[in-house]
Amino acid sequence: GVVNVLKKVDRNSNAISGRWRFENGVLLSGGGNASHVRITDEAPKEYELRLTVTRTGTVKQANWFGVILAGRGRLFSLTVDDSRGWTSGLQMIDGKLATANETTRQAGAAPLLKIGVKSQIVCRVDGKGVMVSVNGMPIIDWKGDFSRLSPHRGIVLKTPNHLGIGSASPFKISKIELRQLGAAASVPSDREAIPEIAAQQKATKLIRELFKKEYANLKRVTEKSKLAGKLLDQGQTSDDEIGRAHV
C-alpha cells in the first residue's frame, strides 16, 4: 500500500544535518549549507517514492534538492538542480558525482524546480534500475548493476534501507508517499486504479478545454511550470471523475 512517511518524520530524531521544521504539516528546510533528514529506515526491496516540493527563497539562494535512495542493499542519492548548470543525476555511480556520470542531465538556463511552484518528483527503484520523473517528465532511466552505486561521503547513513531527503536551498515539502512494488505489494483500498486510456484521453480533452487560454499562452518555460503546478493542485484536490485526476 501507500504509506504517508511525511507524517512519521520527527525533525529532531530524524534530522541528519542542517535546520528542519514543520509548519502546518509541511516540512521546511532552512537552505544554505547542505541539510539532510531521514524519512524512513524501512525501504521495500522495490518501491516508488513520490514527493511534492516547492522551491522557496530567492534566485540567488537556488540550489539542489536531493533524495537519498536504497536499492539491492546499496545506498545512493538523486540530485535535482545542482546550481552548476542546473544539473540533475544519480550519485555516486562508479564513484562519480551526479554532475559527471551517465545519468547527468542539464536543465539549461533555468532549474526544473521553479520558485513558488509545486513540483512532483517520482523515484521508482526496482530490480532492474532507477527511474526518476519531475512533473511527469522523465529525467533519469538508469539500468545497471547496483554494486556500482554508493552514497556521497557527505551523507551520514543509518541502515542499508535508509531513505531521506536533502537540500542546499530553502524548500517546502508537502507530501512524501512510499509505495511498495512487486508481487508482495497490495493495492491500497484508499487509492484508485489508473484509468483506461480512453478515460485518460477524455480527461485530457476536458482539461485542454477548461484551460484553453492557459494552453494558448504556453510560450515560456515559466508559464509551462505555473500551469503544471496548477494542474497538479487540481488533480490532488479534485473529487471529480477519476480520469481527470490522472491528467
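What counts, and where the lines are drawn
Residues numbered from 1 in each chain as written. Predicted model: local features only at pLDDT ≥ 70, side-chain atom pairs only at ≥ 80, totals over all residues. Heavy atoms only, no water. Helix = DSSP H or I, 4+ residues; strand = E, 2+ residues; numbered from the N terminus. Contact = heavy atoms within 4.5 Å. Core = buried A, V, L, I, M, F, W, Y, C linked by side-chain atoms within 4.5 Å. Buried < 20%, exposed > 50% of the residue type's maximum accessible area, 1.4 Å probe, protein only. Pairing = 2+ DSSP bridges.

Turning our eyes to something else, we now look at the overall build of the chain. In terms of helices and strands, the chain carries five helices and 15 strands. Of the contacts formed within the chain by residues at least 6 apart in sequence, a portion of 63% connects residues at least 24 apart.

Turning our eyes to something else, we now look at the nonpolar core. One finds Leu 49, Phe 65, Leu 78, Ile 121 and Ile 165 to be the most contacted residues of the largest nonpolar core, which totals 41 residues. Beyond its immediate stretch of four places on either side in the chain, Phe 65 contacts Leu 51, Val 53, Leu 78, Thr 79, Val 80, Leu 113, Ile 121, Ile 165, Gly 166, Ser 167, Phe 171 and Ile 173.

Of all five residues in strand β9 (residues 87-91), five are buried, a share of seventy percent or more. Burial of β9 is two-sided: the residues Thr 87, Gly 89 and Gln 91 facing one way and the residues Ser 88 and Leu 90 facing the other way are all buried. Where strand β8 (residues 74-82) and β9 come together, four bridges link them in antiparallel fashion. Of the residues in β9, the one forming a bridge with Asp 82 is Thr 87.

Our focus in this paragraph is the sheet that holds strand β14 (residues 163-167). The strand order across the open sheet built from seven strands is β2-β5-β14-β7-β8-β9-β10, with neighbouring strands paired in antiparallel fashion. Across the chains shown, the open sheet's two edge strands, defined by having one partner strand only, are β2 (15-17) and β10 (105-106). Bridge count for β2 against strand β5 (residues 35-40) is two bridges, and the pairing is antiparallel. Residue pairing across strands places Ala 15 opposite Val 37, the latter belonging to β5.

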